[in-house]
Amino acid sequence: MRKVLTLRLPAVLENVPVVMDSVIESATRAGLDETTLQQIRLVVDDACANVVTHAYEGVAPGDMEITCSHSSQACMIQVRDWGQGFALECVPIPDLDCSLDERNLGGLGLFLIRHFMDRVEYSHDANTGNVLTMTKKLPLR
């Protein structure tokens, strides 16, 4: 994979649109179709919003680093932070069959990330930080 974008910004909500626009520009150059671009916009928005609201919850905002890499087969997006980590496998799958009145607020972000991306990995290390890696396969040309 060839790295095509790296951004490191303070993890504040005002920077989420900056990240989304940069990632979409990069993904557009990789040749992704409009539907896939909208899916990527959604997952990047959610991943960065989660960093802002959860990773640095209760402390001064730290940084988030976004890296995009492309190959002829895939587009990979990594979102890194140095805040509080979590256990990806412990995040419950939301109950999509219950009514809106019964549904808990939030909780769809990781579900949508897993749904729209072909591969999702998460790692937490005290030195290298929390890294969410999302990969989308490119259509064969």
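The structure presented is a predicted model; accordingly, all values stated were derived computationally and were not measured.

Visitor: Can you help me understand the overall build of the protein in this one?
Guide: Within the protein one finds three helices and five strands. Reading the protein from its N terminus to its C terminus gives the helix and strand order β-α-α-β-β-α-β-β. Across the 141 residues in the protein, those meeting the buried criterion constitute 43%. Restricting to contacts in the protein with at least 6 residues of sequence separation, those with at least 24 account for 64%. Of the roughly 8300 Å² of accessible surface on the protein, 53% is carried by carbon and sulfur atoms.

Visitor: Explain the pairing of strand 3 (residues 74–81) to me, please; I cannot follow it from the model alone.
Guide: The side chains of a regular strand alternate, first on one face of the sheet and then on the other. The buried fraction of strand 3 is high, at seven of eight residues. Relative to strand 3, strand 2 (residues 63–70) is paired through seven bridges, and the arrangement is antiparallel. Its bridge partner being in strand 3, Ile-66 is matched across the sheet by Val-79. Following strand 2, the chain reverses through three residues before pairing antiparallel with strand 3. Sheet analysis places strand 3 next to strand 5 (residues 129–137), joined by eight bridges and oriented antiparallel. Bridge assignment links Ile-77 to a residue of strand 5, and that residue is Met-134.

Visitor: Just to check I follow, could you spell out the packing of helix 1 (residues 16–29) against helix 2 (residues 34–55) for this structure?
Guide: Two quantities define a packed helix pair, namely the angle between the axes and the distance from one axis to the other. It is the contact of helix 1 with helix 2, at a shortest axis distance of 9 Å, that shows an interaxial angle of 145 degrees. Along this stretch, helix 1 crosses helix 2, giving a crossing that reads as right-handed. Residues Val-16, Val-19, Met-20, Asp-21, Val-23, Ile-24, Ala-27 and Thr-28 of helix 1 touch helix 2, and the partners they reach there are Leu-37, Ile-40, Arg-41, Val-44, Asp-45, Cys-48, Ala-49 and Val-52. Split by residue class, the contact of helix 1 with helix 2 holds 12 nonpolar, one polar and three charged.

Analysis parameters
- Residues numbered from 1 in each chain as written.
- Predicted model: local features only at pLDDT ≥ 70, side-chain atom pairs only at ≥ 80, totals over all residues.
- Heavy atoms only, no water.
- Helix = DSSP H or I, 4+ residues; strand = E, 2+ residues; numbered from the N terminus.
- Buried < 20%, exposed > 50% of the residue type's maximum accessible area, 1.4 Å probe, protein only.
- Contact = heavy atoms within 4.5 Å.
- Areas by Shrake-Rupley, 256 points an atom, 1.4 Å probe, with all protein chains shown as cover.
- Pairing = 2+ DSSP bridges.
- Axes fitted to C-alpha atoms, helices over the stretch in contact; angles between N-to-C directions.
- Left-handed = near helix turned anticlockwise from the far one by under 90°.
- Nonpolar A, V, L, I, M, F, W, Y, C, P; charged D, E, K, R; others polar.

Without other data, these values stay purely geometric and don't point to any function.
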